[in-house]
Amino acid sequence: MEVDVARKILDTNDAHAGQNRERFAAAGVFVLNMMSSPGSGKTTLLEKTLVRIMPKIRCGVIVGDICTTNDADRLARSGAPVTQINTDAFGGDCHLAAHVIGKAADAFDLENLDLLIVENIGNLVCPAEFDIGENARTVVLSVTEGEDKPAKYPHMFRKCDSAVLNKTDLLPYLDFDMAAAEGFIHQVHPDMPIFQLSAKTEEGLSPWLNWLTTQVAENRSAR
Amino acid sequence: MHEMGIAMQVVKIAADSIPEHIQNPRVEQVNLKIGKLSSVVPDSLRFCFEVITKGTPLEGAVLNIDVAPVVARCRDCGMEWTIEDAVFRCKECNSGSVEVISGRELDIISIEIAD
Ligand SMILES: Nc1nc2c(ncn2[C@@H]2O[C@H](COP(=O)(O)OP(=O)(O)OP(=O)(O)O)[C@@H](O)[C@H]2O)c(=O)[nH]1
Ligand SMILES: [Mg+2]
Ligand SMILES: [Zn+2]
């Protein structure tokens, strides 16, 4: 006997994401989901970003990490409230699911935040599939990775609203072809804003900060 | 990598879909539609599914996966085509304003229960 089901496999996650989105909108907080391969420089970029935009923009951070608290400790030095989510390496927890973000958000006074940044688990596949109720997504790619990563992980690069090409300070030592990398990104996602920068030396940080603060300001004025 | 989480949801939805009046149900087939853009690896999904269905009414069920191609539509000229090479730019008018109309599916279509 055939039984019709006709459901989305991730409909439970989508429902939780919808609840998160309503809650974030009601509190007027802009939520950014930051994703990348492991080690592309998300935490470093966030450390530098927080220092520059706080306290004018009131920030909070949720960081997902497989089993350490190193990233949370680094980010907490900025003075921003930070919540760490430790996921289990088993059970498919290679991403942050919407209900997990919902629980983590309880630790924040959302009404008094302008920006909540989620540093997702280092992985270019799984986090693209799980909506967490965010307003925007950024993917970080470092120049130590292949230029063709966007073509290999098209879902991630299509889903995101901006891309950071990090670790440009290393370019002199590498064969990385920046034009090819930008070409691959725009082939998958035409017109996506790309920010070339070095989170280490802070060169090129300003256009990225402008993009982010503009997003937050637009969200605030839309209230 | 996220196949385990996907498999768990498939099993939960399939189990919830078994009509209550059936005694000792045995699910023989589960029919899924998965878009190519979703980056689920069918063999990994089958493996995870097999592992977690042991001892449940879904044990031994065949997972049929219908892989949906990535189909795009140009918002400017209306052209529709199947994307094979991860180039999301209109082949007709070169517009970058392209909408993905199929290829992101992660759907459970139906289940087949033994009579
Ligand atoms: N040279 C150079 N190194 C960098 C830069 N940004 C980050 N790194 C280094 O790259 C390594 C990984 O950086 P993280 O910021 O921890 O990367 P991440 O993406 O948060 O890593 P996970 O959370 O483990 O996925 C560290 O050793 C950083 O010091 C950069 O702009 N230039
Ligand atoms: Mg990190
Ligand atoms: Zn066109």
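It should be noted that the structure appears before, not after, this text.
As the structure is a computational prediction, the values presented were derived from the model and not from experiment.

A.B. asks: What is the right way to look at the interface of chain B and chain A in this model?
C.D. replies: Size of an interface: often given as the accessible area lost when the parts come together. On the chain A side, the residues contacting the 35 residues of chain B number 29 residues. Approximately 2800 Å² of surface area, both sides summed, lies buried where chain B meets chain A, with 60% of it carried by carbon and sulfur atoms. Summed over the shared surface of chain B and chain A, the number is 0 salt bridges. Applying the counting criterion to the chain B and chain A interface returns 13 residue pairs in polar contact (both at pLDDT 80 or more). Per element, the largest residue contribution to the side of chain B that touches chain A is 8 residues, and it comes from strand S6 (residues 106–113) of chain B. Classifying every residue of the side of chain B that touches chain A gives 20 nonpolar, 9 polar and 6 charged.

A.B. asks: Could you clarify how one ought to interpret the packing of aromatic side chains in this entry?
C.D. replies: A ring pair, where both rings are aromatic, is described by two values, the distance of the centres and the angle of the planes. Residue and element names in this part refer to chain A. Applying the stated criterion across every chain, the model contains 3 aromatic pairs over all chains. Arranged with centres 6.1 Å apart and planes meeting at 65°, the rings of Phe195 and Trp208 form a pair that is edge-to-face. Linking Phe195 in strand S8 (residues 194–196) with Trp208 in helix H8 (residues 205–221), this pair joins segments that are 13 residues apart in sequence. Using a relative accessible area of 0% as the deciding quantity, one classes Trp208 as buried. Pairing Phe195 with Trp211 gives two aromatic rings, centres 6.1 Å apart and planes at 50°, and the pair type is tilted.

A.B. asks: Would you mind going over the side chain of Ser102(B) with me for this structure?
C.D. replies: All names here are of chain B. For Ser102, the position within the fold is in strand S5 (residues 98–102). In this structure the side chain of Ser102 is engaged in a polar contact, spanning 3.1 Å, whose partner is the side chain of Glu105. Apart from the residues lying within four places of it in its own chain, the contact partners of Ser102 are Ala68, Pro69, Val70 and Val71.

Reading the values: the criteria
- Numbering of residues starts from 1 in each chain and follows the order in which that chain's sequence is written.
- Each chain takes a letter, starting from A, and each ligand takes a number, starting from 1, following the order in which they are written.
- At least 70 in pLDDT is required for a residue's local features to be given in this predicted model, at least 80 for side-chain atom pairs to be given and counted, and no such filter applies to totals for whole chains, interfaces and linings, which use all residues.
- With hydrogens and water excluded, all non-hydrogen atoms of the structure serve as input to the side-chain values.
- Whether two residues are in contact is decided by their heavy atoms: any pair within 4.5 Å suffices.
- By definition, the buried area sums, over both parts, the 1.4 Å-probe accessible area that each loses when the two are put together.
- Counted as salt bridges are all cases of a side-chain nitrogen of Lys or Arg within 4 Å of a carboxyl oxygen of Asp or Glu.
- Side-chain atoms alone can form a polar contact between residues adjacent in sequence; in general such a contact is a pair of N or O atoms within 3.5 Å, and within protein one must be able to donate a hydrogen while the other accepts it.
- Numbering of helices and strands runs from the N terminus; a helix is a DSSP stretch of H or I covering at least four residues, while a strand is a stretch of E covering at least two.
- As a working rule, the residues Ala, Val, Leu, Ile, Met, Phe, Trp, Tyr, Cys and Pro are called nonpolar, Asp, Glu, Lys and Arg charged, and the rest polar, with Gly in that last group.
- Stacked, tilted and edge-to-face are the three classes assigned to paired rings of Phe, Tyr and Trp, where Trp is represented by its six-membered ring and a pair needs centres within 6.5 Å; plane angles under 30 degrees give stacked, over 60 edge-to-face, the rest tilted.
- Categorising residues by exposure relies on relative accessible area from a 1.4 Å probe, with only protein chains included: less than 20% of the type maximum marks a residue as buried, more than 50% marks it as exposed, and the intermediate range marks it as partly exposed.

Interpretation in functional terms is not warranted from these geometric data alone.
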